[in-house]
Amino acid sequence: MKLGRLNHIGVATPSIADSIAFYRDVMGATKLHTPFDLEEQGVKVCFVDTPAADGAMNGTQIELIEPLGENSTLASFLAKNPLGGQHHLCFEVPDIAEARSEFEALGKRILGPTRIGAHGTPIFFVHPKDMGGMLTEIMETPKEGTHWSN
Ligand code: CO
């Protein structure tokens, strides 16, 4: 496994609108993206950028996720955590297929097929029970120019 940048922290919320106001007014975020629906994953998504370190291209993002419809997998998370909260971590890797094979070889349970995620790059999720309790998203590092398309 070639560990890359911590791309984003997924944060579940019952209201993206309320969370946007929180990150803007309380946390001082100045770069908030436009929310969009990710139908195939049953979520509404909004990225909030944190500033990049000196010399770095990108800071780590907060990925706000709100259930889209009643069948969303997020609905059960919010039933247990009504205020929302930390939902997953997402790490970049240079090669998604290689990373998947490595996790599989270690017997880690991967949730579903590799698919296109919220950043328009291939992703997969690894079961929290095999990852120290943390739902983990693995994402291929975005190619130049695609990272901030939303
Ligand atoms: Co994510």
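It should be noted that the structure appears before, not after, this text.
Turning to the packing of aromatic side chains, a few remarks are in order. Throughout the structure, instances matching the rule amount to three aromatic pairs. A centroid spacing of 5.2 Å and a plane angle of 85° characterise the contact between F22 and Y23, whose relative ring orientation is edge-to-face. Taking 6.0 Å as the distance between ring centres and 80° as the angle between the ring planes, the aromatic pair formed by F103 and F124 counts as edge-to-face. On the criterion of sequence distance, the pair formed by F103 in helix α3 (residues 96-105) and F124 in strand β7 (residues 122-126) is long-range, its members being 21 residues apart. Residue classification places F103 among the buried positions, given a relative accessible area of 8%.

Note on metal geometry: ideal angles are 109.5 degrees for four donors arranged tetrahedrally and 90 or 180 degrees for six donors arranged octahedrally. The protein atoms donating to the cobalt ion are H8 (NE2), E63 (OE), H88 (NE2) and E137 (OE), with metal-donor distances spanning 2.0 to 2.3 Å. Around the cobalt ion, the four donor atoms sit at angles spanning 85 to 167°, and that spread fits a shape best called irregular. Summarised as a motif, the one-chain spacing of the donors to the cobalt ion is H-x54-E-x24-H-x48-E. A residue pair is termed long-range when its members are at least 10 positions apart, and H8 in strand β1 (residues 6-12) and E63 in strand β4 (residues 61-67) qualify at 55 residues.

Taken as a whole and assessed by the stated rule, the structure comprises one cavity of 30 Å³ or more. Considering only enclosed or pocket space, the largest cavity measures out at about 30 Å³ in volume. What lines the largest cavity is K2, V93, P94, D95, E98, A99 and E102. Per-element accounting of the lining of the largest cavity gives the leading share, three residues, to α3.

Tallied over the full model, the rule gives seven salt bridges. Of the charged contacts in the structure, one is a salt bridge between R24 and D25, with a shortest N-O distance of 3.0 Å. The class for R24 is partly exposed, based on a relative accessible area of 42%.

Once that is clear, we can look at the sheet that holds β4. Judged by pairing direction, the sheet is mixed, and its eight strands sit side by side in the order β2-β3-β4-β1-β5-β8-β7-β6 without closing on themselves. Each edge of the open sheet carries a strand with a single partner, namely β2 (36-38) and β6 (110-116). In this sheet, neighbouring strand axes are inclined to one another by 25° on average, regardless of whether the strands run parallel or antiparallel. The sheet contact formed by strand β3 (residues 43-49) and β4 spans seven bridges and is antiparallel. Its bridge partner lying in β4, D49 is registered against Q61. Relative to β4, helix α1 (residues 16-25) is tilted by about 155°, and along the sheet it contacts β1, β3 and β4.

Reading the values: the criteria
- Residues numbered from 1 in each chain as written.
- Predicted model: local features only at pLDDT ≥ 70, side-chain atom pairs only at ≥ 80, totals over all residues.
- Heavy atoms only, no water.
- Phe/Tyr/Trp six-rings, centres within 6.5 Å; stacked < 30°, edge-to-face > 60°.
- Helix = DSSP H or I, 4+ residues; strand = E, 2+ residues; numbered from the N terminus.
- Buried < 20%, exposed > 50% of the residue type's maximum accessible area, 1.4 Å probe, protein only.
- Donors = N, O, S within 2.8 Å, 3.2 Å for Na, K, Ca; no water.
- Tetrahedral: all angles 85-135°; square planar, octahedral: opposite > 155°, others 65-115°.
- 1 Å grid on protein atoms, 1.4 Å probe; cavity = no way out; pocket = protein on both sides within 12 Å on 5 of 7 lines; lining within 4 Å.
- Points joined across faces, edges and corners; volume = space filled by probe spheres on them.
- Salt bridge = Lys/Arg side-chain N within 4 Å of Asp/Glu carboxyl O.
- Pairing = 2+ DSSP bridges.
- Axes fitted to C-alpha atoms, helices over the stretch in contact; angles between N-to-C directions.
- Contact = heavy atoms within 4.5 Å.

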